[in-house]
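Architecture and fold: a report
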Amino acid sequence: MPASSNLLAAFVADQASKASSSSINSWMSAVRAWHVINNAPWHGSSEFVCQVRLGALRMAPISSKKVPRNPVTLQKALNLSDSFDAAVWAVACTAFWACCRLVKNTAIFIM
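Residues numbered from 1 in each chain as written. Predicted model: local features only at pLDDT ≥ 70, side-chain atom pairs only at ≥ 80, totals over all residues. Heavy atoms only, no water.

**Quick look at helix α2 (residues 21–37)**
- Taking 1.5 Å per residue as the helical rise, α2 with its 17 residues ought to reach 24 Å, and the 24 Å between its terminal C-alpha atoms agrees with that figure.
- Buried within α2 are the following residues: S21, I24, M28 and H35. All buried residues of α2 fall inside an arc of 60 degrees around its axis, so they share one side.
- Where α2 is buried, its residues contact α1 (5–15) and α3 (47–59).
- N39 sits one or two residues past α2 and shows a positive phi near 55 degrees. (Helix = DSSP H or I, 4+ residues; strand = E, 2+ residues; numbered from the N terminus. Expected span 1.5 Å × (residues − 1). Buried < 20%, exposed > 50% of the residue type's maximum accessible area, 1.4 Å probe, protein only. Arc of directions from axis to C-beta. Contact = heavy atoms within 4.5 Å.)

**A word on the state of the cysteines**
- This structure, assessed with the given rule, holds zero disulfides.
- Unpaired in this structure, C99 has its nearest cysteine sulfur neighbour in C100, at a distance of 7.0 Å. (Disulfide = S-S within 2.5 Å.)

**Considering the packing of α1 against α2**
- Where α1 contacts α2, the axes come no closer than 11 Å and their chain directions differ by 155 degrees. The orientation of α1 with respect to α2, classified from their angle, is roughly antiparallel. The way α1 lies across α2 gives a crossing that is right-handed. Together, L8, F11, V12 and Q15 of α1 and I24, W27, M28 and V31 of α2 make up the contact between the two elements. (Axes fitted to C-alpha atoms, helices over the stretch in contact; angles between N-to-C directions. Parallel < 35°, antiparallel > 145°, perpendicular 65-115°, else oblique. Left-handed = near helix turned anticlockwise from the far one by under 90°.)

**Observations concerning the nonpolar core**
- Listed in full, the 11 residues of the largest apolar core are A3, L8, A9, V12, A16, A19, I24, M28, V49, V52 and A56.
- Of all the secondary structure elements, the ones that give two or more residues to this core are α1, α2 and α3.
- Once you skip the residues sitting within four places of it in the chain, I24 turns out to touch V12, Q15, A16, A19 and A56. (Core = buried A, V, L, I, M, F, W, Y, C linked by side-chain atoms within 4.5 Å.)

**Some details on the packing of α1 against α3**
- As a packed pair, α1 and α3 sit with axes 9 Å apart at the nearest point and diverge in direction by 0 degrees. Of the possible angle classes, the one that applies to α1 and α3 is roughly parallel. Across from S5, N6, L8, A9, V12 and A13 in α1, the residues of α3 making contact are F48, V49, V52, R53 and A56.
- Its residues assigned to classes, the contact of α1 with α3 comprises eight nonpolar, two polar and one charged. (Nonpolar A, V, L, I, M, F, W, Y, C, P; charged D, E, K, R; others polar.)

**A closer look at the environment of A3**
- Along the polypeptide, A3 turns up in the segment before α1.
- For the pair formed by A3 and V31, sequence separation is 28 residues and the distance between their alpha carbons is 8.7 Å.
- Contact partners of A3, with chain neighbours within four places excluded, come to L8, H35 and H43.

Following this line, the structure appears as structure tokens:
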């Protein structure tokens with residue numbers, strides 16, 4: 001049974017003061033995916049639901065908003081003169097390089 005725009009708006013409004021807007025957006029994406037998979041009409045992009053989602057964005061609790069953190073740098077994270085930290089760095093570099101090469105080996109190129 002497809003969800004009506006009123007039902008979707010009620011769900012968003014119920015969660016507005018309890019969850020962050022990114023959580024609500026993720027949940028709505030999951031509901032939309034269900035509709036797509038089951039070939040049901042999606043009413044979540046109606047103007048009414050969009051306005052309720054905008055209100056939920058503005059009503060998000062302060063506790064759901066995180067302050068930006070400083071980036072992790074090599075100097076702060078690892079001491080390369082320590083053998084364990086050097087091994088961690090080597091494994092991280094190898095894993096990163098392997099992931100980069102994986103695309104080249106598995107992707108199908110269409111010309």
